Structure formats: structure tokens, C-alpha cells
Amino acid sequence: MVNVKRLPRRGGNYQMSTDVKGIAASDGFGIAPAYLLVDPDLTYETTQVEDTAAEYARVEAAFQASIDELSKIKENAKGRLGDEELEVFDAHIAILSDPEMMGQIKTDIEENHTGAEAAVDKVMTGFADMLAAMVDNQYMQERAADVKDVAKRALAHLLGKQLPDIAGIDHPVVIVAKEITPSDTSQMDAQYVKGIVTDLGGRTSHAAIMSRTLRIPAVVGSESITTTAQNGQMMVVDGLNGDVIVDADDATVKEYEQKAADFEKQRAQWAKLVDAPSVSKDGKEFEIAANIGTPDDVADAVKQGADGVGLFRSEFLYMGSDHLPSEDEQFEAYKKAVVGMNGKPVVVRTLDIGGDKPLDYLPLPEELNPFLGYRAIRICLERPDIFKPQLRALIRASEFGPLGIMFPMIGTVAELRAAKAIYNECLTELQASHPGIGKNVQLGMMIEVPLAAINADNLAKEVDFFSIGTNDLIQYNFAADRGNDKVSYLYQPLNPAFLSLIKHVIDSAHRHGAKAAMCGEMAGDKYALPLLMGMGLDEYSMSATSILRTRSTMKDLDTAECAKLVDKAINECATDEEVKALVEKELG
Ligand SMILES: C=C(OP(=O)(O)O)C(=O)O
Ligand SMILES: [Mg+2]
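Residues numbered from 1 in each chain as written. Chains lettered and ligands numbered in written order. Predicted model: local features only at pLDDT ≥ 70, side-chain atom pairs only at ≥ 80, totals over all residues. Heavy atoms only, no water.

### Examining the nonpolar core
This is how it is decided: Buried residues of nine kinds, namely Ala, Val, Leu, Ile, Met, Phe, Trp, Tyr and Cys, make up a nonpolar core once their side-chain atoms join them within 4.5 Å. For every residue, the accessible area obtained with a 1.4 Å probe (protein chains only) is divided by the maximum for its type, and the residue is called buried under 20%, exposed over 50%, and partly exposed between those limits. Segments assigned H or I by DSSP are reported as helices when at least four residues long, segments assigned E as strands when at least two residues long, and all are numbered from the N terminus. We call two residues in contact whenever any of their non-hydrogen atoms come within 4.5 Å of each other.
Within the largest apolar cluster, 104 residues are counted, with the highest numbers of intra-cluster contacts made by Phe407, Phe466 and Tyr540. Ranked by residues supplied to this core, first place goes to helix α15 (residues 413-433) with eight residues. Among residues more than four places away in sequence, those in contact with Phe407 are Thr350, Ile377, Phe387, Leu391, Leu416, Ala419, Lys420, Tyr423, Leu443, Gly444, Met445 and Met446. Grouped together as the second largest cluster of nonpolar side chains are 33 residues, Ile95, Met102, Ala154 and Leu158 included.

### Quick word on the coordination of the magnesium ion (ligand 2)
Filter applied, for reference: Donors, by definition, are the N, O and S atoms found within 2.8 Å of a metal, the threshold being 3.2 Å for Na, K and Ca, and water is not counted, so a site can look incomplete.
Distances from the magnesium ion (ligand 2) to its protein donors, Glu448 (OE) and Asp472 (OD), fall at 2.0 Å. Here Glu448 is found in the loop between β14 (442-447) and α16 (450-454), whereas its partner Asp472 is found in helix α18 (residues 470-477), with 24 residues between them in sequence. By relative accessible area, which is 2% here, Glu448 ends up buried.

### Section: the packing of helix α20 (residues 528-535) against helix α22 (residues 559-572)
The cut-off we apply is this: Convention adopted: a line fitted to C-alpha atoms gives each axis, helices being fitted over their contacting stretch, and angles between N-to-C directions are expressed from 0 to 180 degrees. When describing relative orientation, an angle under 35 degrees is termed roughly parallel and one over 145 degrees roughly antiparallel, while 65 to 115 degrees is termed roughly perpendicular and anything else oblique. All amino acids are sorted into three groups, where Ala, Val, Leu, Ile, Met, Phe, Trp, Tyr, Cys and Pro are nonpolar, Asp, Glu, Lys and Arg are charged, and the leftover types, Gly among them, are polar.
The N-to-C vectors of α20 and α22 enclose an angle of 100°; their axes lie 7 Å apart at closest approach. Taken together, the axes of α20 and α22 lie roughly perpendicular to each other. Where α20 abuts α22, its residues Pro530, Leu531, Met533, Gly534 and Met535 lie against Thr559, Cys562, Ala563, Leu565, Val566 and Ala569. Of the residues contributing to the contact of α20 with α22, the split by class is nine nonpolar, two polar and no charged.

### Focus: helix α12 (residues 327-340)
Formally: To estimate the expected span of a helix, subtract one from its residue number and multiply by 1.5 Å. In this description, one arc is meant: the one made by directions from the helix axis to the C-beta atoms.
Compared with an ideal rise of 1.5 Å per residue, which puts 14 residues at 20 Å, α12 spans 20 Å between its outermost C-alpha atoms and is within 8% of the ideal. The set of residues buried in α12 consists of Glu327, Gln330, Phe331, Ala333, Tyr334, Ala337 and Val338. Projected down its long axis, α12 shows its buried positions confined to an angular sector of 165°, all on one face. Buried residues in α12 make contact with α10 (298-303), β11 (309-313), α11 (315-319), β12 (346-349), α14 (384-397) and β13 (403-407). Following α12 by one or two positions, Asn342 has its phi on the positive side, about 50°.

### Quick look at the layout of surface pockets
Put simply, the rule reads: For cavity detection a 1 Å grid was placed over the protein atoms alone, and a set of points counts as a cavity when a 1.4 Å probe fits there but cannot get out; an open set counts as a pocket when protein lies on both sides within 12 Å along at least five of seven lines, with lining residues being those that have an atom within 4 Å of a point. Grid points are joined across faces, edges and corners, and a volume is the space filled by probe spheres set on the points. An automatic or database domain assignment supplies the residue ranges for each domain.
In this structure, the second largest pocket encloses a volume near 1200 Å³. Taken together, 36 residues form the lining of the second largest pocket, with Ala24, Arg203, Asp525, Tyr527 and Lys580 sitting closest to its centre. Of all the elements in the fold, those that place two or more residues in the lining of the second largest pocket are β3 (23-26), α9 (250-271), α21 (547-554) and α23 (576-587). With four residues, the single largest contributor to the lining of the second largest pocket is β3. Looking at the lining of the second largest pocket, its residues break down into twelve nonpolar, 13 polar and eleven charged. For the lining of the second largest pocket, the two domains that each supply at least three residues are domain 1 (2-38 + 166-267) and domain 3 (281-587).

### Examining the pairing of β11
Test applied: For two strands to be treated as a pair, DSSP must find no fewer than two bridges joining them. A clockwise course of the path from the first strand over the helix to the second, judged with the strands pointing away from the viewer, identifies a crossover as right-handed.
Within β11, five of the five residues are buried, leaving the element largely enclosed by the surrounding structure. Relative to β11, strand β10 (residues 287-292) runs parallel, the two being bridged by three bridges. Note that in β11 the partner of Ala290 across the bridge is Val309. In terms of handedness, the path from β10 via α10 over to β11 forms a crossover that is right-handed. Bridge analysis of β11 against β12 gives three bridges, and the strand direction is parallel. In the sheet register, Arg313 faces β12, and the bridge partner there is Arg349.

### Things to note about the UniProt feature "binding site: Mg(2+)" (unreviewed entry) in the chain
The cut-off we apply is this: UniProt positions are given in the numbering used here, feature names are shortened, and annotations may be inferred rather than shown by experiment. By the criterion applied in these results, polar contacts are pairs of N or O atoms within 3.5 Å in which, for protein atoms, one can donate a hydrogen and the other can accept it, and in which residues neighboring in sequence qualify only through two side-chain atoms.
Annotation from UniProt places "binding site: Mg(2+)" (unreviewed entry) at Glu448 and Asp472. The annotated residues occupy 25 residues of the chain but converge on a single region, no pair of C-alpha atoms lying more than 5.3 Å apart. Beyond its immediate stretch of four places on either side in the chain, Glu448 contacts Arg349, Pro408, Met409, Gly469, Asp472, Leu473 and Tyr476. Separated by 2.7 Å, the side chain of Glu448 and the backbone nitrogen of Met409 make a polar contact. Those residues in contact with Asp472, other than ones at most four positions away along the chain, are Phe371, Arg375, Met409, Glu448 and Arg482. In this structure the side chain of Asp472 is engaged in a polar contact, spanning 3.5 Å, whose partner is the side chain of Arg375.

Here it is in C-alpha cells:
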């Protein structure tokens, strides 16, 4: 959605600025020049060269420039990336120094008078293809991607083009991209990345979730930002309303700097509630917890006054590694989170890969509908060799503080029982040498599959708690891909039919003495809050940045009034718009 405006520049000239509308994905305002995360055009003309020595010298210069660039990126990324990730840069530098490859490029130029670009492209693609053909050697196959990556960098230098490089960013920027992957976000330095704008994605896409964790203002699903913005143009990202201004002039920048300052003041007000209980106006206590991706996020959760961690997305541990993390590696990570929360509970979700979260080192079959396919608990139940080390690590970590374990994507009672059976096997094994270990673990499941929500009454009998994953529960109930901005209008947490399903889940949990939590994005939605309080949801787990705002709204809401609101929303409203209007009136 693009809107071109003529804005008066200071001094009377006019500047064309462009407004782009997207989905507000992460609170706050980001103001900085654009940094396009889009590969430049690397096509070249095939030429015959006369001066072959000069042509080969161009190759040597391009390779040296690539080596210098990689060394600089590696230097910048130190401290942010682990040793194994940093080693990738060394591997790329080694490829650029390979005498056999250099020799072949030189021969091609000298004997065939091939231009530098074509020679580099041909020889390096040949090397990559050779590695990719080694079907019995997964390690060598994976190196094929490295050679291609390096070839792209060398070609860019030959053509005088700049490749984007997230880990190398060392000045304030707003990142502009088609979409952002979790591995992109893991390389970002929040100190320099002031904002993110993408063409694709919805509020509950993982890119959006990660930008909230990193506290980077973000607008996703703009459809057109990569074709609208150019490198270096001044960008304003309004993560509260989903507005992006491309090529903003001084007056607009000033206006938004003021808005950003006001927002910071508001945040300072909320910050006063950091040690306050999460309590309604009529004194009913709730828990407001944080969603985290790695143990390092615990520090921010504590800083934001979280009453616990309601969702530790353990798959980010796996995605941040180049191998399946061992039981001991996982134990250390879970222990760190539990110890960091200092007596407050931590709920870890077992591995939830598949869907939009692949693992490079665990190839999964190609699927037409990955979100409906082989993912999460479906993989773990078939692969105890992966599942058991995680469960054992979690049970061991529970010795250091209150810990909950929950299973993702459970659809049926049989799946839940199968997961619990594997858990119990691990418990028995560990108790043989450590009597009493794991006695304080709470066992729960996510409610993300429509049938599980409908069948909540039976499932609740078998768990200590539910955690409602509204991101997937909405995706599956509305049959609308959560990452597709074309269908993002179907992300309707306030739809009355959906609200009555949520109420059924909460009531079912309570009927059987189980706790009802929610860890999908709906838990941090300001319009949903009074409705969820009215339904008696016990725990609200959200991006750490939303905790204090939620606590502040909660203290002004009366649960009896909220319950009446739920009744009206479910029985008198027909659309999510009507529910939103009703809640807006209540919030004042
Ligand atoms: C919390 C959820 O899990 P994720 O967003 O990681 O799929 C959810 O589906 O609501
Ligand atoms: Mg989910």
C-alpha cells in the first residue's frame, strides 16, 4: 500500500516522500537510513579479453577485497555470534585462498581469454556442483552453499556492487527486506538496527516475534517496501501504527523524533510497575510472563518485571547451532534460564521445528503443506533419539528452580499420552541414579490445533496446564497462513466465534484443576486483555516489551465488568469489529 506525497523541504523546495502502510509488528519508532537486504543484480556481459594479465589482476583484487570484507564482518560479529558461527567466515576466507581454484580461473583467462566475471562464475560454480554431487558426504554437500556464497561476494566486487551483510552493520540503519528469517535476526545488532520493514509476513510471523524480542520497531507485510525504498534514504518506521515513511524530510523526522520521545516517556511511566504485582482493580491476581527464544533473553524478561517465563521457544537453541544440541548443552541452557528467573517459573516448550522453522542439519522431507505436515511433536514422537535428550536435560534443569514442560502441536489424547510416556521413561531412567529428581516439574501442552481446543475437556484431565498458542490456533481455525500478508485480515483474535472457543478451553482447564495460560500474541493484545481477564485466564505470556503496558492496563480493569463484557462479546456481537468497538468503549 503506497502513497506518494509532496512534502515541502526546508527552504521552499519540494521533496517526494512516500508513505507505505504495513502491519505494526513491534512497538516504537525507528528513524535511520535504509539498508536494503536485497541482493544486487549480478548479471554480467560475457567478453573476450586481450590483456589477460590485467584481467587476472582484477580477480586477485576482487578476492582480496572479499577477504578483507569477511575479516571485517567477522571482527564486528565477535561477541554476538558463537565460535562455530564465526568459523564460517574463516571457511569462506579459506575458499578465496584455494590455490587449485585460483589456478583454474587463471588458466581459463589465459587460455580462453575469458573475462574475469565469467571465469570466476564458471570455475566456482563447477566446484560447488562437484561438492553438491557428493551425496554420501553431507558435510561436503553443505560446503557447496559456502562456495556459492563466496562466488557471489567475489562477483559483486568485480562488478563494483555491494552485497548486504547483516552481521557487518556498524552504523544506524533501518533494514528493508522481502522477509527476515530467524537466522537474520540472530545476526542483528539491536544497537545499530533501528527498525525493520518487510514486504512479507504477518504480526505472528517469526520475524515479527523476534523483532519484538530484540525490541526493534518493525512493520511487516508492507507488500512493496523493497521496490519503494533505496539504500541510504531516510526512513521513519512507526511500529505502533504500521506506517513507514520513505525518504522522510527534516520536518517529518523531527515530528517522529518527538513521537519517539513521548513514547519513551510513556514507557518510563510503565517502568514504575516493574516490581508491582499483576493485579486487577478488584484485587484479583494474575501472572504476566515473558516469551523468550534463548536463555540470554531472561535478563530482559527480569528487567521488564516478568512474573515468569511462559514460553521458552526451545527450537531457537537448535536453530542457533550447527548440530543437534547435546543433552548437556541443553541442560546448561535451561539451567541458565531457570537460575536467571530466580525462583519464578520457566515453561519450556519442547522442540517445535518444521513449518517455517527448518533445521539445516536435520533435513526434513519436502512437503506441499509444511504447516500441516511433519512438525513439532509429530517429529519428536517418531524420533526419541532427538526427544529424549531434550526431556532429560529439562528434568535435570528442574533441580534449579520451578520448571514447566509443554508439548507443542498436540492434536489428540493419544499424542499427549505418547509424549507423556516418553517423558516418564526419561524420568524413570534419571530417578534410578537421582531419586526424587523431577518431582516439581509441571507438565502441560499447547492448544494450537483446533481439535485439541474442542477436545479440551478430555485433554485437561491429563495435564497440569494448558498454554493457548493463538498464533497457530488462529491460523488453523481461519485456514489462513500466519505469514501471508494477503490473508492477514483473517488474523482475528477478537472474532466472537473464536472467543467462545478460547472460553471453552479456559473453562475446561479450570473444571479439571488445570491452569489456563496463553502464550500466543493474543495474550499481549490490549483489546483482548479485558476479555481474557473476564474469562479468568490465569497467565498471559507475551513479548517482554509488552509486559509493563499490560500490567498498567490490568490494574484499571474490574474482573466482574470484564466478565459482563465477555458475555456481550460472545452473545451479542457477530464480527471482530463489533467486539473491538465494545472493548474500546470499556477501555475508554
Ligand atoms: C505461541 C505459539 O507458538 P509459535 O508462535 O512459536 O508457533 C503459537 O502458535 O501461538
Ligand atoms: Mg505455534
